[in-house]
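# What the coordinates show
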Amino acid sequence: MTKQKPTRRKVISTALGAAGLASLGAPALARDLTPRAAEGPYYPTPQMRRPDVDNDLVRIAGAVRDAGGDVIRLSGRVLDGQGKPLPNHRVEIWQCDFDGRYLHARDSRSVGHDAAFQGFGHDITGADGGYTFRTIMPVSYPGRTPHIHVKVLDGSREVLTTQFYIEGHPANDRDALFRRMSAAEAQAVSMIFTGRVGLKETRVDIVV
């Protein structure tokens, strides 16, 4: 018996059916992961941190003044690679004060530390994956462009360490860590500010 050739309509129908089945099993469009970066030498141990460790680095409980520098609000969400919010994740940040000094025993430069600056803080993401901090605009110090260190933990498990930079800062192109990133990676960790002087705001989502 001679086998009949499939009609064009049947070929197209079969192909579309296979494509539909494949698409049902295909994952959602993945988001680019936030690039990793060095932790650096100044991650403060628990013994070095202020007793008041929260998400407001500008105001220390019991202090008579706020920290020096330009106050900013840094917020965003922690997401997985498919864009799903990740609640109950600990987001830590640390940075130097407005004189370029870290709250760390190894930072032995001859500049005083701003006693009103917390230097290190953390927040726990909400149901929407959101986090927020009140801190100061990062500043340059010898050898580095302005940046904020960021660490994300799921319980005790570290899932990401990175650094955030100021979009378009002239010192970025002279910074060894910034220059090694691709344009897309740099964009993912760049802070773009809006708002008024005294409370500039920026949002950076973290994808892990």
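Analysis parameters
- Residues numbered from 1 in each chain as written.
- Predicted model: local features only at pLDDT ≥ 70, side-chain atom pairs only at ≥ 80, totals over all residues.
- Heavy atoms only, no water.
- Helix = DSSP H or I, 4+ residues; strand = E, 2+ residues; numbered from the N terminus.
- Buried < 20%, exposed > 50% of the residue type's maximum accessible area, 1.4 Å probe, protein only.
- Pairing = 2+ DSSP bridges.
- Phe/Tyr/Trp six-rings, centres within 6.5 Å; stacked < 30°, edge-to-face > 60°.
- Lys NZ or Arg CZ within 6 Å of the ring centre and 35° of its normal.
- pLDDT = per-residue confidence, 0-100.
- Contact = heavy atoms within 4.5 Å.
- Polar contact = N/O pair within 3.5 Å; in protein donor to acceptor, adjacent residues only side chain to side chain.

A few words now on unusual backbone geometry. Positive phi, normally seen in glycine, also occurs at Asn88, with a value near 60 degrees. For Asn88, the location among the structural elements is in the loop between β1 (71–79) and β2 (90–94).

This part is about the pairing of strand β6 (residues 157–166). Regular strands place their side chains on alternate faces of the sheet. Among the 10 residues in β6, eight count as buried, and that is most of the element. Sheet topology note: the strand β5 (residues 147–154)/β6 ladder contains eight bridges and is antiparallel. What sits directly across from Ile148, in β6, is Phe164.

Across all of its chains, the model carries six aromatic pairs by this definition. Here Tyr43 and Trp94 contribute two aromatic rings whose centre-to-centre distance is 4.7 Å and whose plane-to-plane angle is 65 degrees, an arrangement assigned as edge-to-face. Of this pair, Tyr43 sits in the loop between α1 (8–25) and β1 while Trp94 sits in strand β2, and the two are 51 residues apart along the sequence. For the pair Tyr43 and Trp94, a shared accessibility class is recorded, and that class is buried. The ring of Tyr43 has Lys151 sitting right over it, with the charged end atom 4.8 Å from the ring centre.

All right, on to the sheet that holds strand β7 (residues 190–191) then. Backbone-to-backbone hydrogen bonds join strands into a sheet, with any given pair of strands oriented parallel or antiparallel. Taking strand neighbours across the sheet as the criterion, the five strands line up as β3-β2-β5-β6-β7 in an open arrangement whose pairing is mixed. Since the sheet does not close on itself, it has two edges, and those belong to β3 (120–124) and β7, each with one partner.

Of the residues in the chain, 84% have a pLDDT of 70 or more, and the chain-wide mean is 86. Within the model, the stretch residues 1–28 combines pLDDT values under 50 with two contacts to residues more than four positions away or in other chains.

With that settled, consider the side chain of Arg101. Within the secondary structure, Arg101 is located in the loop between β2 and β3. Classification of Arg101 as buried rests on a relative accessible area of 17%. A distance of 2.9 Å separates a polar atom in the side chain of Arg101 from the backbone oxygen of Asp107. A distance of 2.3 Å separates a polar side-chain atom of Arg101 from the backbone oxygen of Val111. In this structure, Arg101 is in contact with Cys96, Asp107, Arg109, Val111, Gly112 and His113, ignoring residues within four places of it in sequence.

Let us now look at the environment of Val208. Structurally, Val208 can be placed in the segment after β10 (206–207). According to the relative accessible area criterion, Val208 is partly exposed, its value standing at 26%. When the C-alpha atoms of Val208 and Gln82 are compared, they prove to be 9.6 Å apart, with 126 residues separating the residues in sequence. When residues no more than four places from it in sequence are discounted, the contact partners of Val208 are Leu33, Val78, Leu79, Asp80, Gly81, Leu86, Val159 and Leu160.

We now examine the environment of Pro35. Within the secondary structure, Pro35 sits in the loop between α1 and β1. For Pro35 and Ala186, which are 151 residues apart along the polypeptide, the C-alpha to C-alpha distance reads 8.3 Å. Contacts of Pro35, omitting those with residues within four sequence positions, involve Leu160, Thr161, Thr162, Met181, Glu185, Ala188 and Val189.

For the rest of this paragraph, the subject is the side chain of Thr161. Topologically, Thr161 is positioned in strand β6. What Thr161 contacts, discounting residues up to four positions off in sequence, is Pro35, Arg36, Ala37, Ala38, Glu39, Trp94, Val150 and Lys151.

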